[in-house]
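So the chains spell out like this:
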Amino acid sequence: MQNTKLLLTSFTFVGLLALAGCSFPGVYKIDIQQGNVVTQDMINQLRPGMTRKQVRFIMGNPLLTDTFHADRWDYLYSLQPGGGERQQERISVIFNPNDQLVSLSGDFMPGVSRDEAILGKDSGTNVTAPAENAEKPKPEKPVKPGSLLDQIQKDVDGVETVPVPTPEPLETSPQ
């Protein structure tokens, strides 16, 4: 009798251990996001010569500011879908000693959109045919004066830049 109880207890224990090692189907696993969300649109807005404040306005606060490299800000973003592989993107923004944007490095580059590839637009990675089958590009026709394209070009050329106003600091003295 005692051997039967011992045998039944050991089989139950081994069965529970075996079940604990299996992943139960149907269990929801959450997506884990960490860092700064950086999009291609944000990168496309950056221009050389922008100040740190302007870059911070567009990109947000950097995730990493290195004390040894004060002229470099690092933006990291990682996403691990529930039960999937972790995906990570990074971008480094580099400033000169005058606090002006000099260069970018990382997974995003200006003008290269991943969204266009997803949406089916031209992604910039075309497969070219051999030279004998390739068509010659047609030269662009000049825009007719008074046409819609001419009007749009005039509007774009006439845009004036407006500086971003900086708010006055609030007075913190008690009254």
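Notes on the structure in this doc start here. The structure presented is a predicted model; accordingly, all values stated were derived computationally and were not measured.

Counting its secondary structure elements, the protein contains five helices and five strands. Counting from the amino terminus, helix and strand elements in the protein follow one another as α-β-α-α-β-β-β-β-α-α. Within the span of the protein, comprising 175 residues, buried residues form 15% of the whole. Long-range contacts, defined here as pairs at least 24 residues apart, represent 43% of the contacts in the protein between residues at least 6 apart.

A separate point is the nonpolar core. In this structure, Leu 46, Val 55 and Met 59 are the most contacted members of the largest nonpolar core, which totals 16 residues. Residue contacts for Leu 46: discarding those within four places in its chain leaves Val 55, Ile 58, Met 59, Leu 101 and Leu 104.

Our next topic: unusual backbone geometry. Despite not being glycine, Asp 99 has its phi angle at roughly 60°, a positive value. Here Asp 99 shows up in the loop between strand 4 (87-95) and strand 5 (101-106). Taking the relative accessible area as the measure of exposure, Asp 99 reaches 35% and is therefore partly exposed.

We now examine a nonpolar patch on the surface. Taken together, the side chains of Val 143, Leu 148, Leu 149, Ile 152 and Val 156 define a hydrophobic patch exposed on the protein surface, amounting to about 500 Å² of accessible area. Of note, Val 156 is situated in helix 5 (residues 148-157). Looking at Val 156, the relative accessible area reads 52%, which means it is exposed.

This paragraph deals with the packing of aromatic side chains. All told, the structure shown has one aromatic pair when counted by the stated rule. Judged by centre distance (4.9 Å) and plane angle (70°), the rings of Trp 73 and Phe 95 are edge-to-face. With Trp 73 in strand 3 (residues 72-80) and Phe 95 in strand 4, the pair connects residues that are 22 residues apart, well separated along the chain. Above the plane of the ring of Phe 95 lies Arg 52, whose end atom (NZ or CZ) is 4.5 Å from the centre.

Moving on to the side chain of Arg 52. Mapped onto the elements of the fold, Arg 52 is located in helix 3 (residues 52-59). For Arg 52, a relative accessible area of 17% puts it in the buried group. At a separation of 3.2 Å, a polar atom in the side chain of Arg 52 contacts the main-chain carbonyl oxygen of Ala 70. Here the side chain of Arg 52 touches Asp 99 through a polar contact of 2.7 Å, side chain to side chain. With sequence-adjacent residues up to four places away left out, Arg 52 is seen in contact with Ala 70, Asp 71, Trp 73, Phe 95 and Asp 99.

Rules behind the numbers
- Residues numbered from 1 in each chain as written.
- Predicted model: local features only at pLDDT ≥ 70, side-chain atom pairs only at ≥ 80, totals over all residues.
- Heavy atoms only, no water.
- Helix = DSSP H or I, 4+ residues; strand = E, 2+ residues; numbered from the N terminus.
- Buried < 20%, exposed > 50% of the residue type's maximum accessible area, 1.4 Å probe, protein only.
- Contact = heavy atoms within 4.5 Å.
- Core = buried A, V, L, I, M, F, W, Y, C linked by side-chain atoms within 4.5 Å.
- Patch = residues over 30% accessible without salt bridge, like charges linked within 9 Å, V, L, I, M, F, W, Y side chains within 5 Å.
- Areas by Shrake-Rupley, 256 points an atom, 1.4 Å probe, with all protein chains shown as cover.
- Salt bridge = Lys/Arg side-chain N within 4 Å of Asp/Glu carboxyl O.
- Phe/Tyr/Trp six-rings, centres within 6.5 Å; stacked < 30°, edge-to-face > 60°.
- Lys NZ or Arg CZ within 6 Å of the ring centre and 35° of its normal.
- Polar contact = N/O pair within 3.5 Å; in protein donor to acceptor, adjacent residues only side chain to side chain.

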